[in-house]
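An overview of the molecular structure
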Amino acid sequence: MNFLKKTAAIILMALVMIQLPVTAYASQKTGCIFNTKTYTHQTKFDSAKITQGVDISYHNDTVDFKKVKKAGVDFVILRVGYRGYGSSGSINADKNFTTYINDAQSAGLPVGVYFYSQAITTTEARAEANYVLRKIKSYDIQLPIVFDYEFAEVSTGRLDSAWKSGKLNKTKMTAIAMKFCETVENAGYDAMVYANKSFFTDQLDHTKIEQEYGIWLAHYTTNTNYSGDYDIWQFSSTGKISGVSGDVDCNFMYTFKQDKLEVEDIAAKAYTGSAIEPTPVVTSDKKRLVKDTDYTITYKNNIEIGKASLTVKGKGNYAGYSKTVNFNIVPVKSAGLEMTSRGNDSISLKWDKTPQATGYRIQVYRSSGWQIAGYTTDTAFVVKNLSSASNYSFRVRAYKAVDKVNYYGAYSSAIKHATKPAKVTELKSASSTTSINLSWKRQAGATRYQVYKYSATKNKYVFYKELTSANSTSLKVTSLKPNTPYGFKVRAIKDAAEGETLIGEFSSILKTATRPKEPKIKTASSPSSKKIKVTYSKVSCNGYQIRWSTTKDFSSNYKSVYVTSPSSLTKTVTAAQSKKAYYVKVRAYRNVNGTKLYSSWSDTLRVVTK
């Protein structure tokens, strides 16, 4: 039986075994508990267990379900509600439903429910299904939720009118029935469609429905010639049974035993656009069975991405046994993954579009293993928050969302790439008259550094030197001219394992200069009281600093003055005391980036003030 949950099937089989007198096994003809007639079952049910049940609505008035069960009824299907057949088509509850379901379950009867529909749109069908789901949420529903679709057979019937006017046709009515069932099954229940033989033939595409959901056939005869598949046969509406006053609807339900066949798990299968028909290993008591000799296989929902299933039905010595297993159809393995660009903390990727995909999951391999980098509906993604000059692996896989469940395909082959080194920072200098010592902060992952020096003749920065050690973060630039401005910038290089040379961003430009030459102090004299006159030689610079002190080592009691004109080679200063010995020295300076870069001090001269 293709609609029953395994637990429901087990319950029914237990009931069947207890009530042998009213249950038929592998026989084409059976009697029933509702009348004295004999019924002929189609040969496809020769290996099925046949149980007998009733469907009940408020028309049956008061029902004693304990008596019903004692009389031999194996199951009951209750009407939970209905849509009115007038133009408004309001949804209504069966006024006896709550009483019925509590009493039936207290009596130990497996219960299913049905809704009498007059839906003329898929929106209405979905609303009906959601109504049923709300009404049954607090109950254990063991049998299917059924969509009862039939004409009211009155001229004012909304479904009758829609069909006669051409507003509805077979395709639309089939879609309406399947929308109800789809909503029910998405909520985790089994779904079924009820209709009479002519309705299934003329108003519904029963072949399409039975591929997805169960069929409850109404055909009042002792030998139905209905050509489609079905799981329940309502064979009469005039049965009699203890516990129900008046006539009652009578049903046969067909189930197959499920406890003897073992079917191996089926791995996810990649989407092909065609029917996918895996052939799993089937065993019984550890014996491997032979397909088409010991069993046959039928498939369901096995084309599109999502949950598919197959049913194994026994033959010969295994007749009467069946087992249904699910397997997933997933997107194909993602392909074409490649890097499009990289930075020092990110890598941009792209890949080929995967057929049927809703979106993609991207992973990055870090030291702790594969981690999710993100999701996208595009075929490109930027992986961020990476460490500079570091190696990473990447992979991607597609997924398709079906009924709020993501079905994932296989990951693409992984690719490996490294990020660029980070921008060199903290570039500093220390100058002498003819050299400049550069230093910078070591960049993680860098294997070497390149230093560029400004060329005035070329008016651009040109390559100066490469440091081939990752730990080399300083360089002395020599043979420079005194008191001369210079510019430098540095960048880190990483030699990646894949043979790639990854070049980091240049540091900010460092503008510096060599120090001026040391000026020579020529004379130091006292032309008048407390005055000291100093003369010195000219050097290339921006100015000079004069310093005088009463101590020879200038450790205390000293003062300084600046001469801001580089062409002024003499300076008279005022000392604090007369007739006092003072020591005097001079040095040149150059202004660099708002600070003064000094030459060495000149020799010291002694002078006594007047």
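This text gives an overview of the structure that appears in the document. Not measured: the values here are computed from a predicted model. (Residues numbered from 1 in each chain as written. Predicted model: local features only at pLDDT ≥ 70, side-chain atom pairs only at ≥ 80, totals over all residues. Heavy atoms only, no water.)

Here the focus is unusual backbone geometry. Even without a glycine there, the phi angle at Gln-356 is positive, about 75 degrees. Its place among the elements puts Gln-356 in the loop between strand S20 (347–350) and strand S21 (359–366). (Helix = DSSP H or I, 4+ residues; strand = E, 2+ residues; numbered from the N terminus.)

Below, the discussion takes up the packing of helix H4 (residues 122–136) against helix H6 (residues 170–186). The packing of two helices is summarised by the inter-axis angle and the distance between the axes. At their nearest, the axes of H4 and H6 sit 8 Å apart, and the two run at 30 degrees to each other. Taken as a pair, H4 and H6 cross one another with a handedness that is right-handed. Every residue of H6 that contacts H4 at Thr-122, Ala-125, Arg-126, Glu-128, Ala-129, Asn-130, Val-132 and Leu-133 is listed here: Ala-175, Ile-176, Lys-179, Phe-180, Thr-183 and Val-184. Looking at the contact of H4 with H6, its residues break down into 8 nonpolar, 3 polar and 3 charged. (Axes fitted to C-alpha atoms, helices over the stretch in contact; angles between N-to-C directions. Left-handed = near helix turned anticlockwise from the far one by under 90°. Contact = heavy atoms within 4.5 Å. Nonpolar A, V, L, I, M, F, W, Y, C, P; charged D, E, K, R; others polar.)

Our focus in this paragraph is the sheet that holds strand S36 (residues 531–536). Across the sheet, which stays open at both edges, the 3 strands sit in the order S35-S36-S39 with antiparallel pairing between neighbours. A strand with exactly one partner marks an edge of an open sheet, and here the two such strands are strand S35 (521–525) and strand S39 (570–574). Looking at each pair of strands side by side, their axes are set apart by 20 degrees on average, direction ignored. (Pairing = 2+ DSSP bridges.)

Glancing now at helix H3 (residues 97–106). Three or more residues of H3 are buried, namely Phe-97, Tyr-100, Ile-101 and Ala-104. In an axial view of H3, the angular spread of the buried residues amounts to 90 degrees, which keeps them on one side of the axis. The inward-facing, buried residues of H3 abut strand S3 (49–56), helix H2 (65–70), strand S4 (75–83), strand S6 (111–117) and H4. Immediately downstream of H3, the backbone of Gly-108 shows phi near 85 degrees, a positive value. (Buried < 20%, exposed > 50% of the residue type's maximum accessible area, 1.4 Å probe, protein only. Arc of directions from axis to C-beta.)

Looking at the secondary structure, you find Gln-118 in the loop between S6 and H4. Take Gln-118: its relative accessible area is 0%, and that puts it in the buried class. Here Glu-150 takes part through its backbone oxygen, which lies 2.8 Å from a polar atom of the side chain of Gln-118. (Polar contact = N/O pair within 3.5 Å; in protein donor to acceptor, adjacent residues only side chain to side chain.)

Bringing the pairing of strand S31 (residues 474–477) into the picture now. The two faces of S31 differ: Leu-475 and Val-477 on one face are buried, but Ser-474 and Lys-476 on the other face are not. Direction of pairing for strand S28 (residues 436–439) relative to S31: antiparallel, over a ladder of 4 bridges. Note that in S31 the partner of Ile-436 across the bridge is Val-477.

Moving on, we get to the sheet that holds strand S13 (residues 269–270). Read from one edge to the other, the open sheet built from 4 strands follows the order S13-S18-S17-S16, with strand pairing classed as mixed. If you trace the sheet from one side to the other, it starts and ends with S13 and strand S16 (295–300), each paired once. Examined bridge by bridge, S16 and strand S17 (residues 306–314) share 6 bridges and lie antiparallel to one another. Residue pairing across strands places Ile-297 opposite Val-312, the latter belonging to S17.

This brings us to the nonpolar core. Among the nonpolar cores identified, the biggest contains 71 residues, and Phe-34 and Leu-204 are the most heavily contacted of them. Broken down by element, the residue count for this core peaks at 7 residues, all from H6. Filtering out sequence-adjacent residues up to four positions away, Leu-204 remains in contact with Tyr-149, Lys-170, Met-173, Thr-174, Ala-177, Val-193, Ala-195, Phe-199 and Ile-209. (Core = buried A, V, L, I, M, F, W, Y, C linked by side-chain atoms within 4.5 Å.)

What follows covers the pairing of strand S9 (residues 214–218). Across the 5 residues of S9, 5 count as buried, placing the element largely inside the fold. Residues Gly-214, Trp-216 and Ala-218 line one face of S9 and the alternating positions Ile-215 and Leu-217 line the opposite face, and both faces are buried. Note that strand S8 (residues 191–196) and S9 share 5 bridges and pair parallel. For Met-192, the partnering residue across the bridge sits in S9 and is Gly-214. As paired strands, S9 and strand S10 (residues 232–241) are joined by 3 bridges and run parallel to one another. Of the residues in S10, the one forming a bridge with Leu-217 is Trp-233.

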